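A structural walkthrough
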Amino acid sequence: MLLPKRTQSYLGLLSAFSALLCFGIVTHFSLNVLPFEPVYFSVDWFPMGYVKFSLLADGLALFFALLITGMGVLVFYYANFFMDSTDSKIKYFYCYMNLFMGAMLGAVFSNNLLVFFLFWEITGVMSYLLISYHYELHEARVASRMAFLITSIGSLCLLVGIIIVGVLDQTLEIAEVTQRGIVSGEHSFWFFAVMILFLTGIATKSAQYPFYFWLPEAMTAPTPVSAYLHSATMVKLGVYLLARVYVLFIDGSLWFPLVTTLSMVTVIIGGFLALFATSLKRILAYATISQLGFFISFYGMGDPEGIQYDYIHIFNHALYKGSLFMLVGILAHAASIKEVTQLGGIYKKLPIFSVIFAVSIAAMAGVPGTTGFLSKELLVKDVILLFKEEPVGAFVVMGLITGLLFKVAFSFRLFYYAFLHRNEQHIHIQERPNFNLLIPPLLLSSFALIFGIWPGGLETLSNIYSIEGLHKQELAEVALWHGFSINLAVSACLFAGGILLFYGVKHFITLHEKFRFAQYWNFIVDQLPDWSGWLTSLVHSQNPQKNLRWVFTFLIILVGSTVVYLDRSVVLNFRFSLISLLEVFLIVTALMLLFVKQPVGQLICLSLIGFFVTFYFVLKEAPDVAITQMLVEVATLFVFVLLLFKIKPQRDKKTDPIRAILALFGGLTVASLPFFNGGIAEGDQLGLFYLQNSLSAALGANPVNTILVDFRGLDTLGEISVIIVSALSVAALLMKRKEPLIVHNIPLIPTPMLRAIMPAICSAALVFSLYLLVRGHNHPGGGFAGGMNVAISLVLASMCMRKSRIFLMDRLNLFYLMMGGLLLALFSGIISTIMSNGFMNSYYIGHISLLGTPFLFDLGIFVLIIGSVTSILYVIRENTLREVNR
Amino acid sequence: MSVFTFIMLATLFGVGFYLILGRRYIEVLFGIALTSNAVNLLLIHSSQSVEGGVDPLPQALILTAIVIGFGLISFFAAYILNRIENTSLDLIPETQEEEKE
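A brief look at the structure comes next. (Residues numbered from 1 in each chain as written. Chains lettered and ligands numbered in written order. Predicted model: local features only at pLDDT ≥ 70, side-chain atom pairs only at ≥ 80, totals over all residues. Heavy atoms only, no water.)

**A word on the packing of aromatic side chains**
Residue and element names in this part refer to chain A. As a reminder of what qualifies: Centre distance within 6.5 Å is the pairing criterion for rings of Phe, Tyr and Trp, where only the six-membered ring of Trp is used; planes under 30 degrees apart are then read as stacked, over 60 as edge-to-face, and the remainder as tilted. Burial status follows relative accessibility: with a 1.4 Å probe on protein chains alone, a residue under 20% of its type maximum counts as buried, one over 50% as exposed, and anything between as partly exposed. For a ring to carry a charge above it, either NZ of a lysine or CZ of an arginine must fall within 6 Å of the ring centroid while also lying within 35 degrees of the normal to the ring plane.
Overall, the coordinates contain 52 aromatic pairs over all chains when judged by the stated rule. Judged by centre distance (5.4 Å) and plane angle (70 degrees), the ring pair of phenylalanine 689 and tyrosine 690 falls under edge-to-face. Its relative accessible area of 7% is what places tyrosine 690 among the buried residues. Connected via pairs of aromatic rings, a cluster forms that spans Tyr347, Phe412, Phe415, Tyr416, Tyr417, Phe419, Phe502 and Tyr503. One cation-aromatic arrangement involves lysine 89 over tyrosine 135; the distance from NZ or CZ to the ring centre is 4.7 Å.

**Brief notes about the interface of chain A and chain B**
Our working definition: We call two residues in contact when some of their heavy atoms are within 4.5 Å. By definition, a salt bridge exists where a carboxyl oxygen of Asp or Glu is found within 4 Å of a side-chain nitrogen of Lys or Arg. Two N or O atoms count as a polar contact when they lie within 3.5 Å, although within protein this holds only if one can serve as hydrogen donor and the other as acceptor, and sequence-adjacent residues are included solely when both atoms are side-chain atoms.
Of the residues lining the interface, 97 residues belong to chain A; the matching set on chain B comes to 79 residues. Inspection of the chain A/chain B interface yields one salt bridge. The residue Glu27(B) makes a salt bridge to Arg659(A) at a minimum N-O spacing of 3.5 Å. There are nine residue pairs in polar contact (both at pLDDT 80 or more) connecting chain A and chain B.

**What to know about helix 4 (residues 90–109) of chain A**
Helical geometry note: an α-helix holds 3.6 residues per turn, so side chains three or four residues apart project in the same direction. Formally: Starting at the N terminus, helices and strands are each numbered in turn, a helix being any DSSP run of H or I of at least four residues and a strand any DSSP run of E of at least two. Expected span, for any helix, means 1.5 Å times one less than how many residues it has.
The end-to-end C-alpha distance of helix 4 of chain A, which contains 20 residues, comes to 29 Å, matching closely the 28 Å that a straight helix rising 1.5 Å per residue would cover. Among the 20 residues of helix 4 of chain A, 15 are classified as buried, and the element is accordingly described as predominantly covered.

**Observations concerning helix 16 (residues 351–365) of chain A**
Residue and element names in this part refer to chain A. In a regular helix each residue adds 1.5 Å, so 15 residues correspond to 21 Å; helix 16 covers 21 Å between its end C-alpha atoms and thus fits that length. The buried fraction of helix 16 amounts to eleven of the 15 residues, a majority that puts the element mostly inside the structure. Along helix 16, the residues that are buried comprise Phe353, Ser354, Ile356, Phe357, Val359, Ser360, Ile361, Ala362, Ala363, Met364 and Ala365. Phi turns positive, to about 90 degrees, at glycine 366, one or two residues after helix 16.

**Some words on a nonpolar patch on the surface**
All names here are of chain A. We count it as follows: Residues with no salt bridge and a relative accessible area higher than 30% make up the patches, which join like charges within 9 Å and nonpolar side chains (Val, Leu, Ile, Met, Phe, Trp, Tyr) within 5 Å. All accessible-area figures derive from a Shrake-Rupley calculation using a 1.4 Å probe, and residue coverage is judged against the displayed protein chains alone.
A contiguous nonpolar surface patch, about 870 Å² in accessible area, is contributed by Trp534, Leu535, Leu538, Val539, Trp550, Phe554, Ile557 and Leu558. Among the elements of the structure, helix 22 (517–539) and helix 23 (544–565) are those that each provide at least two residues to the nonpolar patch. With respect to the secondary-structure elements, leucine 558 resides in helix 23.

Here is the structure:
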């Protein structure tokens, strides 16, 4: 996205305008639609997962929307003059901010928990991107990482909680869930789990103890971000969720103690740290944390009939905290003031600024005449009520009182340094603040004053947006003057106490450094790569052979334990037959393989085993397999012999007991598997099916072949593709130049006699192969065996004869040969698709097996095997005998 | 199942695994060849006589397994030849550093 520089400087106004539009719509909605009914909207999204894209506009949603859009207008306006519009990153800033506003609106209006979660996550991502807006600064990167990690942990917990709710209640619609409650009942484990998971999500998002420490660090973000995301809206999303699901948990016995304890600890820690922090933005961040604690506790201690006045507290907080953040941002720009102690005498230099500052501080402290006072009066009233009614609430009362004391103290601290403190340092105003920058805080603090003097406005606000279930049904009453009562006395005491507290601790300003948990978190996060590296090095090795040991260990543990514990369906017997003799031979040869150390000796043993296996197949009445095994054995021997030409044998003198143990137990484990073919009864029937239908359905008397080319033709197609892949990989690994795959002769065995009879042998082999191919359908043989036979004889011939005269070998490109085979096989499939309505559904002309697609398919296999195997053998021969060749 | 069959399978697999776990390329290759033979023998044991002949399904499975086994062995042989291009040494390097040397 390329924007001209001039446009960039209007982006903020443009965004403010769009926010204003939203604000207008929300206001219209509140005044004209809301007083009658909540509005629902729903579209199916993933019905099987209970996910509908459903929206709900009720009082709670509209109140938060009003807050989001209203603050949005002011923050965008402020940002337009605050942010450096010549910065090339500015467009991303507005992009993220607008996305954030949209996601917040989506979150508060969604009526489906998963849709809500989606928007919730987007706000988290935007927060991450905005905190790291100055990503060239190390601290911005660290802070954004911390915020993202912590909120993500919470989000994951919330997601799990949402899924549990979905499974239990069979719905994710918030309106339905809150009506039904958690169906498993309030004493069940699931109720408790959901409560904890939701609370974790809320606590991370709304910076509650013990997750609060990311919020002060997030103050490295540009000031509009701090004012908007990290005080006015995003951190309140947790509060919003709590208000939404409040009715779900209110009956739980642990709810009250858990929520109030956490939130009270947060209130006290936040207030305490705000009193000792020195950086202005940090003071405000800690104040926000403390205030969020208040909000959360409000829902924790609310009685089941409902609560009241929560909107007034939230509204009040948005008014003064937004204003204060913007003012602090102006100070940082105009006079480079970032610490509270540098404030002294600022009122002489910036008078208008100072008036707004003083009003905002007054609203924070709760001075009569501001909304803060009303908010505090209501809180004090609640506290007194709680104290009278519930003795259990003593802890909460203490917490709230302490929190309010701290609040007065840190508010007064700001006031003290700005207006009473004499600063020795000279304040230097580099640049008079643009008046446009002062408009948003001016508006906010005026609202704080107007509503402070006219409580009826707040009352209306509170009543318009109250919703059923959450709020008390009786109308809220807010008044400026209640007469001389205990409430007033408590308020006055709080004021006096707060100011005294400030004077008492004025000199301990460095104390809060010890309480920065962020540094411990960062230490842990920085250590994580080392720890995981250490853990990896324990189990993982760069040597594949070492890793293989783990594979074998798990094979033995998993399969072996099953073998030991399962019932065996097959019993051992000592019957001795011809096959047993062969088995003894195999055992002896295999053991010889173990003790012969020379590769040549090992090769001889291996070949012996191969040919014994061939006999084994013969005795097991598997002639097709025996033929193929024999031919493949020859080809394998060929490859091994060639390999031994090239490789320099080395002795491995290391004795390795682990290797032997793994091999021993691995062998025993795998050999025990046949004990469990108890399920073979079904397999018998399957085999019987092929035996009986081979001739009638596939026109072939050899069921092994008909399975390959007819019944399971598609599988075979896959298998011959594997052979092609193997042949091409061999060529790719070993061929240096881009040369055609044509067999050249190397007269390695230039015996005159062999050379003389080779053409005859080759011709005989070819005829025999064709014979194998043609008879395959009814008798042992087939494309695989025939193809192997041709390939072996061709390569052998090329090694005996000086000049190639064998058929077309000197001109035939093997690549085309194998591809031709594959195409032929595919072609047979296509014919059958057309003629008998299904891929590989065999088709015959006049019920003759040789005129059917299965034979065409077998022919394809034949050609493909010739091409691939010849290519493999030839390429390996070229590579190993290159020196001999030259 | 006959005791001899059990011992044979255990021996073939055991020796095959032992070779596969070795430090020499050629050993590993021999181990793979031996193990694929052993697997085929294991499979043929599920081929029992049914009415009218021998169960053809395991045989069809083994037949393709043999050919694919050859494809695997030749691929691994080509891989070895590619690895030992310059040194012709038969030892699998323990680490990447050792491989570079």
